[in-house]
Amino acid sequence: MRTAAGALIAALLCLSASPALGMGAADAPPHTSLPAIERQVMCVTCKIPLEVAESPQANREREFIQGLIDEGQDEAQIKRSLVAQYGPTVLALPSAQGFDLTVYLVPLAVFLALLATLTVLLPRWRRRAREQAGSVLDAPRLDPADSARLEADLARFD
Amino acid sequence: MRRRLLPIIVSLLGACLVGLLIYGVSHQAASRTLDEAVHQGKDPLAPDAGQTLPELSDAHSTSLASFDGKVVVLNFWASWCEPCQEEAPLLERAQSQLQSHDATVLGVTYLDASPDSERFVRQYHLTYPNLRDTTGDFAHSYGTDQLPESFVIDRQGHIVAISRGEIDQAFLNRAIALAERS
């Protein structure tokens with residue numbers, strides 16, 4: 001009984017593993033695609049994103065990338081290879097090092113500064129609005145004669 | 001005082017942003033310090049001479065400093081650059097003359113994939129050494145932002161002539177004359 005159960009488990013394992021075994025490294029689906037990489041890199045001579053570049057050099061870069069995809073390299077490996085060939089300017093997004101770090105830090109700093117400014121100014125504006133509303137409420141009331149005349153005028157316009 | 005504090009802080013932040021923008025733009029722009037110095041006859045030292053760069057043909061690395069004592073025509077190029085294709089035969093012809101006077105052309109590829117550069121070398125039968133500037137830092141230190149650009153460096157490592165653009169025979173003759181008389 002135990003032997004039969006063992007044989008069944010082994011058969012199931014073989015069945016579940018067979019598609020992976022049947023598929024060699026060469027048949028494995030690529031880790032990434034050309035459009036996915038094109039979006040992240042620049043045409044180094046035209047200085048525009050590769051996905052919109054139409055030039056002989058852009059096509060050479062595409063061929064180079066396609067070659068790496070065919071070799072089975074993933075996104076990170078392809079980007080490393082591109083940097084090794086063309087330098088860091090090939091990447092559409094600058095590295096988070098040195099002066100390039102400002103690309104990431106400045107928008108964050110501006111956002112925080114705006115937030116801080118609003119935190120300071122909003123209560124001040126609300127206080128001022130409240131004060132103005134209060135001053136309207138505190139305005140002297142019309143005396144009965146003026147009030148009657150106003151009502152009469154308004155009725156005439158109806 | 002508190003009422004003034006906020007506008008002061010906002011103004012300071014704005015000034016910092018403008019300063020950062022100016023620094024970024026000036027940092028990215030190609031420097032023309034070398035050109036001015038050569039124009040004034042000051043013959044500046046070739047920058048980053050000690051920086052090692054990988055050789056195009058094999059896995060070794062070398063630097064401009066290893067050509068110390070030679071007259072060097074430093075030529076920045078790339079296979080996709082059409083003027084580079086025009087001047088390659090000129091440079092190769094000059095190399096045969098320079099070699100006999102302890103001088104050399106030294107090519108440095110910039111923004112170019114090595115298989116493309118190697119194909120270029122084979123196509124134009126270039127025999128002079130070629131290095132790869134993989135980061136662009138070496139080219140940047142020479143103010144190079146367009147290709148081709150060439151620099152004549154004397155035996156003491158000083159830049160004596162600069163060509164921003166395609167070179168002509170007159171430029172190369174100057175380097176050959178320098179090699180012959182020094």
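Residues numbered from 1 in each chain as written. Chains lettered and ligands numbered in written order. Predicted model: local features only at pLDDT ≥ 70, side-chain atom pairs only at ≥ 80, totals over all residues.

Asks: Run through the overall build of chain B, naming residues and quoting values.
Replies: Broken down by element type, chain B carries six helices and seven strands. Along chain B, helices (α) and strands (β) appear in the sequence α-α-β-β-β-α-β-α-β-α-β-β-α when read from the amino end. Relative to its length of 182 residues, chain B is extended, with a C-alpha radius of gyration of 20 Å against a globular reference of 16 Å. Judged by the C-alpha coordinates and their principal axes, chain B covers about 75 × 40 × 30 Å. Scored against the burial criterion, the 182 residues of chain B give a buried share of 32%. At a minimum sequence separation of 6, the contacts of chain B that also span at least 24 residues come to 71%. (Helix = DSSP H or I, 4+ residues; strand = E, 2+ residues; numbered from the N terminus. Rg over C-alpha atoms; globule rule 2.2 N^0.38 Å. Buried ≥ 20, exposed ≤ 12 C-beta atoms within 10 Å, placed from the backbone. Contact = placed C-beta atoms within 7 Å.)

Asks: Which residues make up the overall build of chain A, and what are the values?
Replies: Along chain A, the regular secondary structure elements total six helices and two strands. Along chain A, from the amino end to the carboxyl end, the secondary structure elements read α-α-β-β-α-α-α-α. In chain A, buried positions account for 13% of the 158 residues. Long-range contacts, defined here as pairs at least 24 residues apart, represent 49% of the contacts in chain A between residues at least 6 apart.

Asks: So, the pairing of strand β6 (residues 149-153) of chain B: which residues are in play, and what are the values?
Replies: Residues and elements named next belong to chain B. Most of β6 sits inside the fold, with five of its five residues counted as buried. Neither face of β6 is exposed, since Glu-149, Phe-151 and Ile-153 on one face and Ser-150 and Val-152 on the opposite face are all buried. Of the strand pairs in this sheet, strand β3 (residues 71-77) and β6 are connected by five bridges, and their pairing is antiparallel. Paired with Leu-74 across the two strands is Phe-151, which belongs to β6. Pairing of β6 with strand β7 (residues 159-164) involves five bridges; the strand directions are antiparallel. Residue pairing across strands places Glu-149 opposite Arg-164, the latter belonging to β7. Two successive antiparallel strands, β6 and β7, enclose a turn made up of five residues, where Gly-157 displays a positive phi of approximately 85 degrees. (Pairing = 2+ DSSP bridges.)

Asks: A description of the environment of Asp-48 of chain B should follow, citing residues and the corresponding values.
Replies: Residue and element names in this part refer to chain B. Relative to the assigned elements, Asp-48 resides in the loop between α2 (33-39) and β1 (53-54). Residues Asp-48 and Leu-64, 16 residues apart in the sequence, show an inter-C-alpha distance of 8.0 Å. Leaving out residues up to four positions away in the same chain, Asp-48 has contacts with Phe-138 and Ser-141.

Asks: Describe the sheet that holds β3 of chain B, listing the residues and the values that go with them.
Replies: Residue and element names in this part refer to chain B. With mixed pairing, the five strands of this open sheet are ordered in space as β5-β4-β3-β6-β7. Bordering the open sheet on either side are β5 (130-133) and β7, each of which pairs with just one other strand. Strand-to-strand, the axes of this sheet are offset by a mean angle of 20 degrees, without reference to chain direction. Sheet topology note: the β3/strand β4 (residues 103-110) ladder contains seven bridges and is parallel. Bridge pairing in β4 places Leu-74 opposite Leu-106. In the packing of helix α3 (residues 82-99) onto the sheet, the strands contacted are β3 and β4, and the crossing angle to β4 comes to about 150 degrees. (Axes fitted to C-alpha atoms, helices over the stretch in contact; angles between N-to-C directions.)

Asks: Any details on the interface of chain B and chain A? Residues and values, ideally.
Replies: Accessible area lost upon the coming together of the parts serves often as the stated size of an interface. Facing the 14 residues of chain B at the interface are 18 residues of chain A. Grouping the constituent residues of the side of chain B that touches chain A by class yields seven nonpolar, six polar and one charged. (Nonpolar A, V, L, I, M, F, W, Y, C, P; charged D, E, K, R; others polar.)

Asks: So, the nonpolar core: which residues are in play, and what are the values?
Replies: All names here are of chain B. Of all hydrophobic cores here, the largest spans 55 residues; its most connected members are Val-72, Val-73 and Val-108. Residue contributions to this core peak at six residues, all from β3. With sequence-adjacent residues up to four places away left out, Val-73 is seen in contact with Ala-94, Leu-98, Val-105, Leu-106, Ser-150, Val-152 and Ala-175. (Core = buried A, V, L, I, M, F, W, Y, C linked by C-beta atoms within 7 Å.)

Asks: How would you sum up α3 of chain B? Please name residues and give values.
Replies: Residues and elements named next belong to chain B. Taking 1.5 Å of rise per residue, 18 residues should cover 26 Å, and α3 covers 26 Å from first to last C-alpha, within 8% of that figure. Where α3 bends most, at Ala-88, the angle is about 35 degrees, and the proline Pro-89 comes one to four residues later. Buried residues of α3: Cys-84, Glu-87, Ala-88, Leu-91, Ala-94, Gln-95 and Leu-98, and no others. Close packing links the buried residues of α3 with β3, β4 and α6 (169-181). (Expected span 1.5 Å × (residues − 1). Bend = angle between axes of the 7 residues up to and from the residue.)

Asks: Explain the domain arrangement of chain B to me, using residue names and the numbers behind them.
Replies: When its domains are assigned, chain B resolves into domain 1 (1-30) and domain 2 (33-181). Computed from C-alpha atoms alone, the centre-to-centre distance between domain 1 of chain B and domain 2 of chain B is 41 Å. (Domains from an automatic or database assignment.)

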